[in-house]
Amino acid sequence: MTRVSPQASAGNAPARRRAAATRAVADAPADPVVVRPVRRADLDQVIEIDASVTGVEKRSYWLSILRRYGDVERPERQFLVAETNGRVVGFVIGEVRDWEFGAPPCGWVFAIDVAPEFRLGGIATRLLRALCVAFRRSGVRKLRTILARDNTLILSFFRSQGMMTGPFMPLEMDLDA
Ligand SMILES: CC(C)(COP(=O)(O)OP(=O)(O)OC[C@H]1O[C@@H](n2cnc3c(N)ncnc32)[C@H](O)[C@@H]1OP(=O)(O)O)[C@@H](O)C(=O)NCCC(=O)NCCS
């Protein structure tokens, strides 16, 4: 499941483009961005990016995510980071899941974050593409995620990547005592 974050609205496109253009001029020439598998030494920076989005520092959660998804010997589990100038500026996490909903195995993306000052530069696009490449190598042909209806930012991002409403819908209920 794509994590839900208390994000501001996606805003309007012209304003975003102006902000991006301003940043692009200020930052030019852009530093190269490398997308690679996570390393143990990246964890503090991943935790910092996550805390900047969620407002909560969850070290033990991230240690368990690193153990589960940070093993390069398990290509069906992916934890990739984007690095520029020796700094981790974004990450994506996903895995191949078998026959959920009676459908053939597919790739799930359940977390994607970019550090606020590096957004609108195509980094999340690069991360998602790299994840898709890894999933294709694992033999799956479909990418899925689930997100909060009111998270217009992540919805705009996934729509920009070509993701659309699929054939399944979530259901839930409270488990009272
Ligand atoms: C969503 C997020 C990952 C996008 O990262 P990014 O590196 O800025 O994304 P990209 O630069 O690759 O943007 C690709 C496209 O996504 C859409 N998009 C990205 N940011 C947007 C925004 N603020 N408003 C509207 N659309 C946006 C645009 O269509 C954009 O293409 P364009 O720049 O040509 O218009 C980043 O904003 C983020 O980390 N947000 C907070 C974390 C979060 O909510 N994560 C999701 C839950 S896990």
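Structure's up top.
Summary of the structure given here. (Residues numbered from 1 in each chain as written. Predicted model: local features only at pLDDT ≥ 70, side-chain atom pairs only at ≥ 80, totals over all residues. Heavy atoms only, no water.)

### Regarding the sheet that holds strand S1 (residues 34–37)
Reasoning step 1: One open sheet holds the five strands; their spatial order is S1-S2-S3-S4-S5, and the pairing between them is mixed. A single partner strand is all that each edge strand has here, and the edge strands are S1 and strand S5 (143–144).
Reasoning step 2: Judged from the four bridges that link them, S1 and strand S2 (residues 77–84) form a sheet pairing that is antiparallel. Looking at S2, one finds that Pro37 is bridged to Leu80.
Reasoning step 3: Packed onto the sheet, helix H2 (residues 43–54) meets S2, strand S3 (87–97) and strand S4 (106–114) and runs at close to 85° relative to S3. (Pairing = 2+ DSSP bridges. Helix = DSSP H or I, 4+ residues; strand = E, 2+ residues; numbered from the N terminus. Contact = heavy atoms within 4.5 Å. Axes fitted to C-alpha atoms, helices over the stretch in contact; angles between N-to-C directions.)

### Considerations on helix H5 (residues 152–160)
Reasoning step 1: Restricting attention to buried positions, one finds in H5 the residues Ile154, Phe157 and Phe158. The buried side chains of H5 occupy one side of the element, clustering within an arc of 95° when seen end-on. When the buried face of H5 is taken as reference, the exposed residues oriented beyond 90 degrees from it are Arg159 and Ser160.
Reasoning step 2: Against the buried residues of H5 lie S4 and helix H4 (123–137).
Reasoning step 3: Looking one or two places after H5, you find Gly162, whose phi comes out positive at around 100°. (Buried < 20%, exposed > 50% of the residue type's maximum accessible area, 1.4 Å probe, protein only. Arc of directions from axis to C-beta.)

### What to know about the pairing of S4
Reasoning step 1: Burial of S4 is extensive: nine of the nine residues sit out of reach of the surface.
Reasoning step 2: Inspection of the sheet shows S3 paired to S4 by eight bridges, in the antiparallel sense. Counted as the bridge partner of Phe91 is Asp113 from S4.
Reasoning step 3: Here S4 runs beside S5; their pairing, made up of two bridges, is parallel. Residue Gly107 lies in a different strand from S5, and its bridge partner there is Leu143.

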